[in-house]
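Chain residues, written in single-letter form:
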Amino acid sequence: SYGFVSHITYSSCIVVAWVMHGLRTGLSPFSEGQWIGFFAAYLGLCGIQFWTRPFRLASAVFLAPMVDKAVEAIHTTLPISRKSSWALFVGGFNVVLPLLVLHSGLRLGTSFAGTPLFPPLAEQMTLEVKMLAVLGSVVGQVAAGPMGSIAGIMFLYEFKWWRIFLSLVFA
C-alpha cells in the first residue's frame with residue numbers, strides 16, 4: 001500500500017510541476033531545452049514530499065487491511081494463486097492506476113491552465129512513435145515510478161531511445 005500512496009503523491013507532484021513550468025515558460029517540458037527547468041520544479045516539490053512521509057506511511061498503514069481484503073477477493077474470485085493475486089493487485093494499483101492519475105492529471109491540468117502538454121512537433125508524430133512513447137511510459141513506471149514514466153516518454157519522444165538501448169546493451 002505504501003507504493004500506491006507514494007506513486008499517487010509523486011504523480012501529483014509531476015502534474016503540478018508540469019503546469020507550474022508551463023505557466024512560467026509557456027512551453028511544454030518536452031520542448032527543447034525545457035527538461036532541466038521542469039526537473040528543478042519537480043525536485044522542489046519532491047523536497048516537500050520528504051516532510052509528508054509520515055502522513056504517507058500512516059495512509060499506507062490505514063490502507064493495508066483493505067489491500068489484504070482486495071487481494072483475498074482477487075484470489076477467491078479468480079482461479080489463480082495468492083502470489084498471482086498479489087502480482088495482479090500490485091500491477092493494477094502500483095502501475096496502472098498511478099499511470100492513469102499521471103496522464104489524466106497532465107491532460108486535465110494543462111487544459112485547465114492553458115499550458116502546453118506537448119510541443120507543436122507532437123502533432124506530427126506517427127502512430128508508431130506515439131505507441132513507443134506509451135511503451136516508454138509503462139516501462140518507466142514499472143522501473144522507476146512516476147518520474148520513470150515521464151522519463152520513458154521523454155527519451156522516446158526525443159527519439160533518443162535507441163541511444164539508451166545501445167548504451168545498455170554495449171555498456
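Our subject is the structure that appears above.
Here's a quick rundown of the structure. None of the values given here were measured: they were computed from a predicted structure.

## A short note on the side chain of serine 85
- Along the chain, the position of serine 85 falls in helix H3 (residues 82-113).
- Overall, the relative accessible area of 0% leaves serine 85 in the buried class.
- A distance of 3.4 Å separates a polar side-chain atom of serine 85 from the backbone nitrogen of histidine 75.
- For serine 85, the residues in contact, after removing those within four places along its chain, are Val71, Ile74, His75 and Ile80.

## Here we look at the packing of helix H2 (residues 35-77) against H3
- At a closest axis distance of 9 Å, the pairing of H2 and H3 adopts a crossing angle of 120°. Here H2 is positioned oblique relative to H3, judged by the angle of their axes. For the crossing formed where H2 meets H3, the hand is right-handed. Listed contacts from H3 to Val67, Asp68, Ala70, Val71, Glu72, Ile74 and His75 of H2 are Arg82, Ser85, Trp86, Leu88 and Phe89.

## A short note on the environment of phenylalanine 89
- Considering the arrangement of structural elements, one finds phenylalanine 89 in helix H3.
- Ignoring sequence-local partners within four residues, the contact set of phenylalanine 89 consists of Val67, Ala70, Val71, Ile74 and Asn94.

## Brief notes about H3
- Compared with an ideal rise of 1.5 Å per residue, which puts 32 residues at 46 Å, H3 spans 44 Å between its outermost C-alpha atoms and is within 8% of the ideal.
- Listed as buried for H3 are Ser85, Phe89, Val95, Pro98, Leu99, Leu102, Gly105, Leu106, Gly109 and Thr110.
- Count one or two residues on from H3 and you reach glycine 114, which has phi positive near 75°.

## Focus: H2
- Counted at 1.5 Å a residue, the expected span for H2 with its 43 residues is 63 Å, but the 45 Å between its end C-alpha atoms falls short.
- The largest bend along H2 reaches roughly 60° and is located at threonine 52, with the proline proline 54 sitting one to four residues downstream.

## As for the packing of aromatic side chains
- Taken as a whole and assessed by the stated rule, the structure comprises 5 aromatic pairs.
- Taken together, a centroid distance of 6.4 Å and an interplanar angle of 20° make the contact between phenylalanine 38 and tyrosine 42 stacked. With phenylalanine 38 and tyrosine 42 both in helix H2 and 4 residues apart, the pair spans about one turn of that helix.
- With a centroid separation of 4.5 Å and an interplanar angle of 20°, the aromatic rings of phenylalanine 89 and phenylalanine 93 are classed as stacked. Taken as a pair, phenylalanine 89 and phenylalanine 93 lie in helix H3 at a separation of 4 residues, close to a single helical turn.
- When its relative accessible area of 35% is taken as the criterion, phenylalanine 93 is described as partly exposed.

## Some words on the side chain of serine 28
- Looking at the element boundaries, serine 28 is found in the loop between helix H1 (2-25) and H2.
- One polar contact links the side chain of serine 28 to the main-chain carbonyl oxygen of leucine 117, over a distance of 2.8 Å.
- Ignoring anything within four residues of it in the chain, the contact list for serine 28 reads Trp18, His21, Gln34, Pro116, Leu117, Phe118 and Pro119.

## Observations regarding the nonpolar core
- Grouped together as the largest cluster of nonpolar side chains are 14 residues, with contacts concentrated most on Ile14, Ala17, Trp18, Phe38, Tyr42, Leu102 and Leu106.
- Element by element, the count of residues in this core is highest for H1, at 6 residues.
- With residues near it in sequence (within four places) discarded, alanine 17 still touches Phe38, Ala41, Tyr42 and Leu45.

## Digging into the pattern of salt bridges
- Across all of its chains, the model carries 1 salt bridge by this definition.
- Across the salt bridge formed by arginine 82 and glutamate 72, the nearest N and O atoms sit 2.3 Å from each other. Remark: glutamate 72 occurs in helix H2 and arginine 82 occurs in helix H3; sequence separation between them is 10 residues.

The rules behind these values
Residues numbered from 1 in each chain as written. Predicted model: local features only at pLDDT ≥ 70, side-chain atom pairs only at ≥ 80, totals over all residues. Heavy atoms only, no water. Helix = DSSP H or I, 4+ residues; strand = E, 2+ residues; numbered from the N terminus. Buried < 20%, exposed > 50% of the residue type's maximum accessible area, 1.4 Å probe, protein only. Polar contact = N/O pair within 3.5 Å; in protein donor to acceptor, adjacent residues only side chain to side chain. Contact = heavy atoms within 4.5 Å. Axes fitted to C-alpha atoms, helices over the stretch in contact; angles between N-to-C directions. Parallel < 35°, antiparallel > 145°, perpendicular 65-115°, else oblique. Left-handed = near helix turned anticlockwise from the far one by under 90°. Expected span 1.5 Å × (residues − 1). Bend = angle between axes of the 7 residues up to and from the residue. Phe/Tyr/Trp six-rings, centres within 6.5 Å; stacked < 30°, edge-to-face > 60°. Core = buried A, V, L, I, M, F, W, Y, C linked by side-chain atoms within 4.5 Å. Salt bridge = Lys/Arg side-chain N within 4 Å of Asp/Glu carboxyl O.

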